[in-house]
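Structural overview
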Amino acid sequence: ELYDTAEICCSSKLGWVDEDQCKSSSRDTAIESTGTNDWYVDYKRQRCVQDCVGTAPCGGIAKRWNERFSSSSACCSTKLWWLDGSF
């Protein structure tokens, strides 16, 4: 089945795949190798890191199962609420 846009295909048939990664893969762009710059939890280090490659605050490319946030404070207050707040 063919779709007019990647957005329609991703939302109609691939709901379990991260929407940005699905659209990027469909268009053959580089989001998977550069990241989204959103924030996610690195539980091993117990801190929120950015979805990007490079030096801190980048923590590498987030996996599709990592919940992402638009800011480090939103990430930490939601997922690492028990820490002291010095994010």
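Reading the values: rules and limits
- Residues numbered from 1 in each chain as written.
- Predicted model: local features only at pLDDT ≥ 70, side-chain atom pairs only at ≥ 80, totals over all residues.
- Heavy atoms only, no water.
- Phe/Tyr/Trp six-rings, centres within 6.5 Å; stacked < 30°, edge-to-face > 60°.
- Buried < 20%, exposed > 50% of the residue type's maximum accessible area, 1.4 Å probe, protein only.
- Core = buried A, V, L, I, M, F, W, Y, C linked by side-chain atoms within 4.5 Å.
- Helix = DSSP H or I, 4+ residues; strand = E, 2+ residues; numbered from the N terminus.
- Contact = heavy atoms within 4.5 Å.

A closer look at the packing of aromatic side chains
Under the defined criterion, the tally for this structure stands at one aromatic pair. Residues Trp81 and Trp82 carry aromatic rings whose centres are separated by 5.7 Å and whose planes lie at 90° to one another, so their mutual orientation is edge-to-face. For Trp81, a relative accessible area of 64% puts it in the exposed group. In this structure Trp82 comes out as partly exposed when scored by relative accessible area, which is 44%.

What about the nonpolar core?
By size, the foremost hydrophobic cluster in this structure holds seven residues: Trp39, Val41, Cys48, Phe69, Cys75, Cys76 and Leu80. Listed by contribution, the elements that provide at least two residues to this core are strand 1 (39-42) and helix 4 (72-79). Setting aside chain neighbours within four positions, we find Cys48 in contact with Trp39, Tyr40, Val41, Ser72, Cys75, Cys76 and Leu80.

Some thoughts on unusual backbone geometry
The omega angle of the peptide bond from Ala56 to Pro57 is 15°, so this bond is cis rather than trans. Looking at the element boundaries, Pro57 is found in the loop between strand 2 (47-50) and helix 4. Even without being a glycine, Asn37 presents a positive backbone phi close to 70°. Within the secondary structure, Asn37 sits in the loop between helix 3 (31-34) and strand 1. The backbone of Gln46 sits at a positive phi, close to 50°, despite the residue not being glycine. Looking at where Gln46 falls in the secondary structure, it is placed in the loop between strand 1 and strand 2. Owing to a relative accessible area of 41%, Gln46 belongs among the partly exposed residues under this scheme.

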